[in-house]
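Below are the chains, spelled out letter by letter.
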Amino acid sequence: MTKLLHERLREYMKDGVLIDHESPLTQALEHYKLTPRLGSVYVESCFFKKLADEIERYYIPRPRYEDGEPVQFGDSAERDFGTDDAKNIDKFVFYSGGTVDVCGSNGHFSTSRNGKGLKRLTPKVLDADGVEIKVGDTVYNLEDKWAQGIVESIYKGTMPTTENNWYVGCLDNRGEFAFNKSPENLTHERPVFDANGERICKGDTVYVSEKYRDRWSRAWYDEDGMFFGLKGYEFGHPVTVSSMSDRDGYSQVYFIRGGCNCPNLALTHREPDSFEKLLERMEEYAQKNEGYIDGSKVGDFSKELRALIERGA
């Protein structure tokens, strides 16, 4: 809980506190000739009491959350009645009897009566697919293809550059630390990746990769036991992903085109090359390099051209 200055000062009253001479507080005390000596000085508790009393004279009590922390401008609180929560709080309205309305810039408010704490509005933290992350959920780490963890905590960053960002702390199945990640790098569904490491999602447009081009229009198992159900599929034509399922250690990807499916590692999001596309890339490279083409690049283009000729693209 974050305490206010006069509340923290009162914690020092009991025994006083030893403060280093170089601290800003000690320097300020010396400026007003309130310290008994230079170097490390013993600031008596009576001083903190007087200072706390002086602050409290000008202090307007703020409503509190249920955990006792003061409500700050810019916060959000759950509604106690009405149609919406008080978001981006910008005003307090005090009434006799200790009632306070906490008003949000969205026109809605929440009310604290007789010192009763308000409920803090915690924003929903969503994963890469827009699903809310909750403590106890099993999630997968998109930055590590097979890493999964159980959500232990959801918290905001503490550094100035991250304090407005959410992080999710996860444990492994032994209860030990697994990873801390931003929610956009997590998903509740085990991710499936194509041959280039790009995630495959329902609705994606994909192609059978060049490596497996000779297996189109057939249904069979290859030497690794992966099943290809590509009967009626023409190599180079795009297909749309309809669903995915686990199968013998890999993921089988099904297409909207009925009866057509293959392993995830036989797919790519990159459209296969054609003569037209290769020519466009060659012209773009030449223009970018002002007509100069590196010898190794010529070799690369030659290999791609030969592959297209052999493929009959």
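Residues numbered from 1 in each chain as written. Predicted model: local features only at pLDDT ≥ 70, side-chain atom pairs only at ≥ 80, totals over all residues. Heavy atoms only, no water.

> Which residues make up the overall build of the protein, and what values go with them?
Across its full length, the protein carries 5 helices and 19 strands. Across the 313 residues in the protein, those meeting the buried criterion constitute 32%. Here the contacts in the protein between residues at least 6 apart in sequence split such that 48% fall between residues at least 24 apart. When the accessible surface of the protein is totalled, it reaches about 19,700 Å², and 51% of it is carbon and sulfur. (Helix = DSSP H or I, 4+ residues; strand = E, 2+ residues; numbered from the N terminus. Buried < 20%, exposed > 50% of the residue type's maximum accessible area, 1.4 Å probe, protein only. Contact = heavy atoms within 4.5 Å. Areas by Shrake-Rupley, 256 points an atom, 1.4 Å probe, with all protein chains shown as cover.)

> Give me the packing of aromatic side chains: which residues, what numbers.
Scanning all chains against the criterion turns up 3 aromatic pairs. Measuring from centroid to centroid gives 6.5 Å for F92 and F94, while their planes differ by 75 degrees, and the two rings are edge-to-face. F92 sits in the buried class, given a relative accessible area of 16%. With a relative accessible area of 41%, F94 lands in the partly exposed category. Look at Y155 and Y167: their rings are 6.0 Å apart centre to centre, the planes differ by 25 degrees, and that puts the pair in the stacked class. Here Y155 is found in strand β7 (residues 148–156), whereas its partner Y167 is found in strand β8 (residues 166–171), with 12 residues between them in sequence. The partly exposed category is assigned to Y167, whose relative accessible area is 22%. Among the aromatic side chains, those forming a connected cluster through ring pairs are F73, F92 and F94. (Phe/Tyr/Trp six-rings, centres within 6.5 Å; stacked < 30°, edge-to-face > 60°.)

> Go over the pairing of β8, please, and point to the residues and values.
Sheet analysis places β7 next to β8, joined by 6 bridges and oriented antiparallel. When the sheet's bridge partners are listed, K156 is paired in β8 with W166. Two elements, β8 and strand β9 (residues 177–181), share 4 bridges in a ladder whose sense is antiparallel. Paired with V168 across the bridge in β9 is K181. (Pairing = 2+ DSSP bridges.)

> Describe unusual backbone geometry, naming the residues involved and giving the relevant values.
Backbone geometry places N88, a non-glycine residue, at a positive phi of 55 degrees. When you line up the elements, N88 lands in the loop between α3 (45–57) and β3 (89–94). Classification of N88 by relative accessible area gives partly exposed; the value is 41%.

> Tell me about the layout of surface pockets, and please be specific about residues and values.
Rolling a probe over the atoms, with the probe sized like a water molecule, indicates the empty space that remains. Computed from the structure, the largest pocket encloses a volume of approximately 360 Å³. In terms of lining residues, the largest pocket is bounded by 13 residues, among which R120, L121, P123, K156 and W166 are the most central. Looking at the lining of the largest pocket residue by residue, the class counts come to 5 nonpolar, 4 polar and 4 charged. (1 Å grid on protein atoms, 1.4 Å probe; cavity = no way out; pocket = protein on both sides within 12 Å on 5 of 7 lines; lining within 4 Å. Points joined across faces, edges and corners; volume = space filled by probe spheres on them. Nonpolar A, V, L, I, M, F, W, Y, C, P; charged D, E, K, R; others polar.)

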